[in-house]
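What follows is each chain in one-letter form.
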Amino acid sequence: MQETELWEPRRVELLREARVVFEVASILGPLASGRLRDRPNGTGHPIVVLPGFGADDRYTAAMRRFLRSHGHNALGWGMGKNLAGLNLPHALDRLSDTWPVEARDSYNGEASVPYLCDRFMERVDAIHEDFGESLTLVGWSLGGYVAREAARDRPGKVRHVITLGSPVIGGPKYTATASYFRSRGMDLEWIEDVVAQRDQRPIESQVTTIYSKSDGVVAWPATIDRHSPRVRNIETNSTHLGMVFNPRIWRHVSDAIKRAS
(Lines give C-alpha, C1' and ligand atoms only; values in the text may rest on other atoms or scores of the structure.)
Protein backbone atom coordinates (compact mmCIF):
# COMPACT_ATOMS: atom_id res chain seq x y z
CA MET A 1 0.00 0.00 0.00
CA GLN A 2 1.30 3.41 -0.97
CA GLU A 3 1.97 5.91 1.79
CA THR A 4 -0.40 8.39 0.14
CA GLU A 5 -3.38 6.05 0.48
CA LEU A 6 -5.60 6.60 3.50
CA TRP A 7 -8.17 4.41 5.19
CA GLU A 8 -10.38 4.10 8.23
CA PRO A 9 -8.72 1.55 10.57
CA ARG A 10 -10.42 -1.83 10.56
CA ARG A 11 -11.61 -3.70 13.62
CA VAL A 12 -8.66 -6.12 13.45
CA GLU A 13 -6.24 -3.17 13.62
CA LEU A 14 -8.04 -1.77 16.63
CA LEU A 15 -7.85 -5.16 18.39
CA ARG A 16 -4.05 -4.99 18.17
CA GLU A 17 -4.22 -2.01 20.50
CA ALA A 18 -4.68 -4.52 23.35
CA ARG A 19 -0.87 -4.66 23.45
CA VAL A 20 -1.00 -1.38 25.32
CA VAL A 21 -1.38 -3.42 28.53
CA PHE A 22 2.17 -4.70 28.13
CA GLU A 23 3.52 -1.27 27.23
CA VAL A 24 2.06 0.26 30.38
CA ALA A 25 3.26 -2.63 32.55
CA SER A 26 6.79 -2.34 31.17
CA ILE A 27 7.33 1.15 32.62
CA LEU A 28 6.18 0.52 36.18
CA GLY A 29 9.40 -1.04 37.47
CA PRO A 30 11.80 1.41 35.77
CA LEU A 31 9.75 4.39 36.93
CA ALA A 32 9.68 3.19 40.51
CA SER A 33 13.40 2.45 40.55
CA GLY A 34 14.47 5.58 38.70
CA ARG A 35 16.22 3.59 35.95
CA LEU A 36 14.72 5.85 33.29
CA ARG A 37 16.53 8.87 34.65
CA ASP A 38 19.61 10.39 33.05
CA ARG A 39 21.60 13.43 34.05
CA PRO A 40 19.20 16.39 33.68
CA ASN A 41 20.17 18.45 30.65
CA GLY A 42 16.89 19.97 29.51
CA THR A 43 16.39 23.58 28.53
CA GLY A 44 13.98 24.52 31.32
CA HIS A 45 11.56 26.30 28.98
CA PRO A 46 7.86 25.36 29.34
CA ILE A 47 6.72 22.10 27.72
CA VAL A 48 2.95 21.59 27.60
CA VAL A 49 1.72 18.00 27.10
CA LEU A 50 -1.77 17.61 25.61
CA PRO A 51 -3.82 14.41 26.08
CA GLY A 52 -5.69 12.54 23.37
CA PHE A 53 -9.42 12.18 22.85
CA GLY A 54 -11.16 10.97 26.01
CA ALA A 55 -8.04 11.48 28.17
CA ASP A 56 -6.92 14.13 30.64
CA ASP A 57 -3.68 15.16 32.37
CA ARG A 58 -3.59 11.94 34.40
CA TYR A 59 -2.75 10.00 31.24
CA THR A 60 0.30 12.14 30.51
CA ALA A 61 1.59 12.23 34.11
CA ALA A 62 4.24 9.51 33.65
CA MET A 63 5.62 11.16 30.50
CA ARG A 64 5.75 14.53 32.23
CA ARG A 65 7.52 12.99 35.21
CA PHE A 66 10.11 11.53 32.83
CA LEU A 67 10.59 14.85 31.04
CA ARG A 68 10.99 16.71 34.33
CA SER A 69 13.63 14.18 35.43
CA HIS A 70 15.55 15.17 32.28
CA GLY A 71 15.44 18.84 33.14
CA HIS A 72 12.40 19.82 31.09
CA ASN A 73 9.71 22.03 32.60
CA ALA A 74 6.77 19.77 31.65
CA LEU A 75 3.23 20.96 32.34
CA GLY A 76 -0.23 19.49 31.82
CA TRP A 77 -2.61 21.25 29.49
CA GLY A 78 -4.95 22.10 32.38
CA MET A 79 -8.23 21.84 30.43
CA GLY A 80 -9.70 18.66 31.89
CA LYS A 81 -10.77 15.76 29.69
CA ASN A 82 -10.18 16.20 25.97
CA LEU A 83 -13.65 15.66 24.50
CA ALA A 84 -12.87 17.20 21.11
CA GLY A 85 -14.70 20.35 22.15
CA LEU A 86 -18.06 18.56 22.16
CA ASN A 87 -18.52 19.60 25.80
CA LEU A 88 -17.99 23.28 24.98
CA PRO A 89 -21.08 25.22 23.85
CA HIS A 90 -20.19 26.91 20.60
CA ALA A 91 -21.40 28.04 17.19
CA LEU A 92 -19.68 28.64 13.86
CA ASP A 93 -19.80 32.40 14.32
CA ARG A 94 -17.85 32.08 17.59
CA LEU A 95 -14.71 30.74 15.89
CA SER A 96 -11.68 32.96 15.41
CA ASP A 97 -11.37 34.38 11.90
CA THR A 98 -8.39 32.14 11.08
CA TRP A 99 -10.72 29.18 10.47
CA PRO A 100 -11.98 28.90 6.85
CA VAL A 101 -15.60 28.11 7.69
CA GLU A 102 -18.89 29.50 6.48
CA ALA A 103 -22.46 29.23 7.70
CA ARG A 104 -24.10 25.84 7.05
CA ASP A 105 -27.76 24.91 6.64
CA SER A 106 -27.20 21.95 8.93
CA TYR A 107 -24.60 22.16 11.70
CA ASN A 108 -23.95 19.15 13.93
CA GLY A 109 -20.84 20.29 15.80
CA GLU A 110 -18.31 19.75 13.02
CA ALA A 111 -16.29 22.76 14.26
CA SER A 112 -16.03 21.57 17.87
CA VAL A 113 -12.31 20.83 17.49
CA PRO A 114 -11.54 24.24 15.96
CA TYR A 115 -13.39 25.81 18.89
CA LEU A 116 -11.30 23.68 21.29
CA CYS A 117 -8.17 24.87 19.47
CA ASP A 118 -9.23 28.49 19.99
CA ARG A 119 -9.71 27.86 23.72
CA PHE A 120 -6.31 26.18 23.98
CA MET A 121 -4.70 29.15 22.26
CA GLU A 122 -5.90 31.22 25.19
CA ARG A 123 -3.96 28.81 27.44
CA VAL A 124 -0.89 29.27 25.24
CA ASP A 125 -1.21 33.05 25.57
CA ALA A 126 -1.48 32.79 29.37
CA ILE A 127 1.44 30.36 29.80
CA HIS A 128 3.60 32.42 27.46
CA GLU A 129 2.85 35.53 29.51
CA ASP A 130 3.61 33.72 32.78
CA PHE A 131 6.99 32.36 31.63
CA GLY A 132 8.01 35.09 29.22
CA GLU A 133 9.33 32.62 26.65
CA SER A 134 8.08 30.46 23.82
CA LEU A 135 6.63 27.00 24.44
CA THR A 136 7.09 23.48 23.18
CA LEU A 137 3.81 21.61 22.73
CA VAL A 138 3.73 17.81 22.89
CA GLY A 139 0.40 16.38 21.75
CA TRP A 140 -0.82 12.80 21.83
CA SER A 141 -3.38 11.86 19.16
CA LEU A 142 -6.05 14.59 18.97
CA GLY A 143 -3.96 16.62 21.41
CA GLY A 144 -1.29 16.82 18.73
CA TYR A 145 -3.73 18.27 16.22
CA VAL A 146 -4.76 20.92 18.74
CA ALA A 147 -1.07 21.67 19.41
CA ARG A 148 -0.35 22.06 15.68
CA GLU A 149 -3.17 24.52 15.17
CA ALA A 150 -2.04 26.55 18.18
CA ALA A 151 1.43 26.73 16.67
CA ARG A 152 -0.02 27.73 13.30
CA ASP A 153 -1.83 30.71 14.86
CA ARG A 154 0.77 31.56 17.54
CA PRO A 155 4.14 31.16 15.75
CA GLY A 156 5.85 33.66 18.01
CA LYS A 157 4.73 31.86 21.16
CA VAL A 158 5.25 28.22 20.12
CA ARG A 159 8.77 27.25 19.14
CA HIS A 160 8.25 23.52 18.58
CA VAL A 161 5.40 21.02 18.17
CA ILE A 162 5.81 17.28 18.75
CA THR A 163 2.93 15.00 17.78
CA LEU A 164 2.39 11.36 18.81
CA GLY A 165 0.19 9.48 16.37
CA SER A 166 -1.86 12.59 15.65
CA PRO A 167 -4.30 12.77 12.71
CA VAL A 168 -2.74 15.66 10.81
CA ILE A 169 -4.70 14.75 7.66
CA GLY A 170 -8.46 14.41 7.40
CA GLY A 171 -9.52 15.11 10.96
CA PRO A 172 -11.35 12.04 12.34
CA LYS A 173 -12.06 10.58 8.88
CA TYR A 174 -9.09 8.21 8.90
CA THR A 175 -9.34 7.19 12.53
CA ALA A 176 -11.18 4.51 14.49
CA THR A 177 -13.42 7.27 15.88
CA ALA A 178 -14.88 8.06 12.44
CA SER A 179 -18.03 5.99 13.00
CA TYR A 180 -18.60 7.71 16.37
CA PHE A 181 -18.54 11.16 14.84
CA ARG A 182 -20.70 10.04 11.91
CA SER A 183 -23.24 8.69 14.41
CA ARG A 184 -23.53 12.25 15.74
CA GLY A 185 -24.48 13.42 12.25
CA MET A 186 -21.14 15.07 11.51
CA ASP A 187 -20.02 15.68 7.93
CA LEU A 188 -16.49 14.25 7.94
CA GLU A 189 -15.80 15.40 4.39
CA TRP A 190 -16.49 18.99 5.47
CA ILE A 191 -14.06 18.57 8.39
CA GLU A 192 -11.43 17.09 6.08
CA ASP A 193 -11.77 20.08 3.76
CA VAL A 194 -11.31 22.56 6.64
CA VAL A 195 -8.17 20.69 7.76
CA ALA A 196 -6.79 20.81 4.21
CA GLN A 197 -7.51 24.53 3.88
CA ARG A 198 -5.69 25.24 7.16
CA ASP A 199 -2.66 23.36 5.82
CA GLN A 200 -2.37 25.90 3.02
CA ARG A 201 -0.91 28.20 5.67
CA PRO A 202 2.21 26.25 6.81
CA ILE A 203 3.27 25.97 10.43
CA GLU A 204 6.34 28.15 10.90
CA SER A 205 7.48 26.49 14.12
CA GLN A 206 9.70 23.41 14.24
CA VAL A 207 7.57 20.24 13.92
CA THR A 208 8.46 16.70 14.99
CA THR A 209 6.05 13.94 14.02
CA ILE A 210 6.33 10.58 15.78
CA TYR A 211 4.31 7.81 14.15
CA SER A 212 3.95 4.03 14.18
CA LYS A 213 2.90 1.68 11.40
CA SER A 214 1.42 -0.47 14.18
CA ASP A 215 -1.07 2.28 15.01
CA GLY A 216 -4.53 0.73 15.18
CA VAL A 217 -6.47 3.94 15.88
CA VAL A 218 -5.20 6.38 13.23
CA ALA A 219 -4.16 5.29 9.74
CA TRP A 220 -0.43 5.91 9.97
CA PRO A 221 -0.04 7.80 6.65
CA ALA A 222 -2.51 10.34 8.05
CA THR A 223 -0.12 11.05 10.94
CA ILE A 224 2.81 12.17 8.77
CA ASP A 225 3.31 15.88 8.14
CA ARG A 226 3.97 16.56 4.45
CA HIS A 227 3.32 20.30 4.53
CA SER A 228 5.39 22.00 7.23
CA PRO A 229 8.72 23.42 6.01
CA ARG A 230 10.59 22.54 9.22
CA VAL A 231 9.40 19.02 9.93
CA ARG A 232 11.15 15.84 11.07
CA ASN A 233 9.18 12.59 10.89
CA ILE A 234 10.27 9.76 13.22
CA GLU A 235 9.01 6.21 12.85
CA THR A 236 8.71 4.07 15.97
CA ASN A 237 7.02 0.81 16.98
CA SER A 238 4.12 1.28 19.35
CA THR A 239 0.39 0.97 19.67
CA HIS A 240 -1.53 4.22 19.39
CA LEU A 241 -2.81 4.02 22.95
CA GLY A 242 0.64 3.16 24.25
CA MET A 243 2.52 6.08 22.72
CA VAL A 244 2.15 8.27 25.78
CA PHE A 245 3.35 5.39 28.01
CA ASN A 246 6.28 4.17 25.89
CA PRO A 247 9.76 5.02 27.28
CA ARG A 248 11.31 4.81 23.81
CA ILE A 249 8.95 7.52 22.65
CA TRP A 250 9.62 9.56 25.78
CA ARG A 251 13.30 9.55 24.83
CA HIS A 252 12.46 10.56 21.26
CA VAL A 253 10.46 13.48 22.69
CA SER A 254 13.24 14.52 25.06
CA ASP A 255 15.86 14.31 22.31
CA ALA A 256 13.67 16.29 19.91
CA ILE A 257 13.18 19.05 22.48
CA LYS A 258 16.92 19.34 23.04
CA ARG A 259 17.69 19.18 19.30
CA ALA A 260 15.30 22.03 18.53
CA SER A 261 16.47 24.28 21.39
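Refer to the structure printed above.
Read on for a plain summary of the structure. All residue numbers refer to positions counted from 1 along the written sequence of the respective chain. Per-residue local features of the predicted model are confined to residues with pLDDT of at least 70, and side-chain atom pairs are confined, for both listing and counting, to 80 or more; whole-chain, interface and lining totals are unaffected and use all residues. By convention in this description, side-chain values take in all heavy atoms of the structure and omit both hydrogens and water.

1. Looking at the overall build of the protein chain
Moving on, step 1. For helices the rule is a DSSP run of H or I covering at least 4 residues; for strands it is a run of E covering at least 2, with both sets numbered from the N terminus onward. Across its full length, the protein chain carries 8 helices and 6 strands.
Moving on, step 2. As a reference, a globule follows 2.2 Å times the number of residues to the power 0.38, and the radius of gyration itself is taken over C-alpha atoms. In terms of overall size, the protein chain behaves like a compact globule, its C-alpha atoms giving a radius of gyration of 17 Å where 261 residues would be expected to give roughly 18 Å.
Moving on, step 3. A burial count over the protein chain gives 53% of its 261 residues as buried.
Moving on, step 4. Roughly 11,600 Å² of accessible area belongs to the protein chain as shown, and the carbon and sulfur atoms make up 50% of that amount.
Moving on, step 5. We score Asp and Glu as negative and Lys and Arg as positive, and we do not count His or the chain ends. By convention, the point assigned to a charge is CZ for Arg, NZ for Lys, CD for Glu and CG for Asp. Across the protein chain, the 34 positively charged side chains and the 32 negatively charged ones have centroids separated by 9 Å. With a 1.4 Å probe rolled over the protein chains alone, any residue whose accessible area is under 20% of its type maximum counts as buried; one over 50% counts as exposed, and the rest are partly exposed. All accessible areas in this document rest on Shrake-Rupley with a 1.4 Å probe, and a residue is counted as covered only by the protein chains that are shown.

2. A word on the layout of surface pockets
Moving on, step 1. Here a cavity is any set of points on a 1 Å grid over the protein atoms alone where a 1.4 Å probe fits but cannot get out, and a pocket is any open set with protein on both sides within 12 Å along at least 5 of 7 lines; a residue lines the site when it has an atom within 4 Å of a point. Grid points are joined across faces, edges and corners, and a volume is the space filled by probe spheres set on the points. Its boundaries defined by the atoms lining it, the largest pocket holds a volume of some 550 Å³.
Moving on, step 2. For the largest pocket, the lining is made up of 32 residues, of which F53, S141, L142, T177 and F181 are closest to its centre.
Moving on, step 3. Listed by contribution, the elements that provide at least two residues to the lining of the largest pocket are α4 (112-131), α5 (142-153) and α7 (188-199).
Moving on, step 4. The greatest single-element share of the lining of the largest pocket, amounting to 4 residues, is contributed by α7.

3. Topic: the sheet that holds strand β1 (residues 46-50)
Moving on, step 1. Should DSSP find at least two bridges between two strands, the strands are taken to pair. Strand order in the open sheet made by the 6 strands is β2-β1-β3-β4-β5-β6, with parallel pairing throughout. Looking at the sheet topology across the chains shown, the edges are occupied by β2 (73-76) and β6 (231-236). Direction aside, the axes of adjacent strands within the sheet are offset by 20° on average.
Moving on, step 2. Two elements, strand β4 (residues 158-164) and strand β5 (residues 206-212), share 5 bridges in a ladder whose sense is parallel. Counterpart to V161 in the pairing with β5 is V207.
Moving on, step 3. Packed on one face of the sheet, helix α8 (residues 247-260) meets β1, β3 (135-140), β4, β5 and β6 and runs near 160° to β4. For helices, the axis comes from a line fit to the C-alpha atoms of the stretch in contact; other axes are also lines fit to C-alpha atoms, and the angle between any two N-to-C directions lies between 0 and 180 degrees. Whether two residues are in contact is decided by their heavy atoms: any pair within 4.5 Å suffices.

4. Some words on the environment of H45
Moving on, step 1. The residue H45 is located in the loop between α2 (20-33) and β1 in this model.
Moving on, step 2. The exposure class of H45 is buried, given its relative accessible area of 1%.
Moving on, step 3. For the pair formed by H45 and L83, sequence separation is 38 residues and the distance between their alpha carbons is 28 Å.
Moving on, step 4. In this view, H45 contacts N73, E133, S134, L135, T136, R159, I257 and S261; residues no more than four positions away in its chain are not counted.

5. Considerations on the packing of α5 against α7
Moving on, step 1. Running from amino to carboxyl end, α5 crosses α7 at an angle of 40°, the nearest separation of the two axes being 11 Å. The orientation of α5 with respect to α7, classified from their angle, is oblique. Both α5 and α7 take part in a crossing whose hand is left-handed. The segment α5 lies against α7, with Y145, R148, E149, R152 and D153 engaging V195, R198 and D199.
Moving on, step 2. Charged residues are taken to be Asp, Glu, Lys and Arg, nonpolar residues to be Ala, Val, Leu, Ile, Met, Phe, Trp, Tyr, Cys and Pro, and polar residues to be all remaining types, Gly included. Residue classes in the contact of α5 with α7 are distributed as 2 nonpolar, no polar and 6 charged. Angular relationships are summarised with four words: roughly parallel below 35 degrees, roughly antiparallel beyond 145, roughly perpendicular across 65 to 115, and oblique for the angles in between. Crossings are assigned a handedness: left-handed for a near helix turned anticlockwise from the far helix by less than a right angle, right-handed for a clockwise turn.

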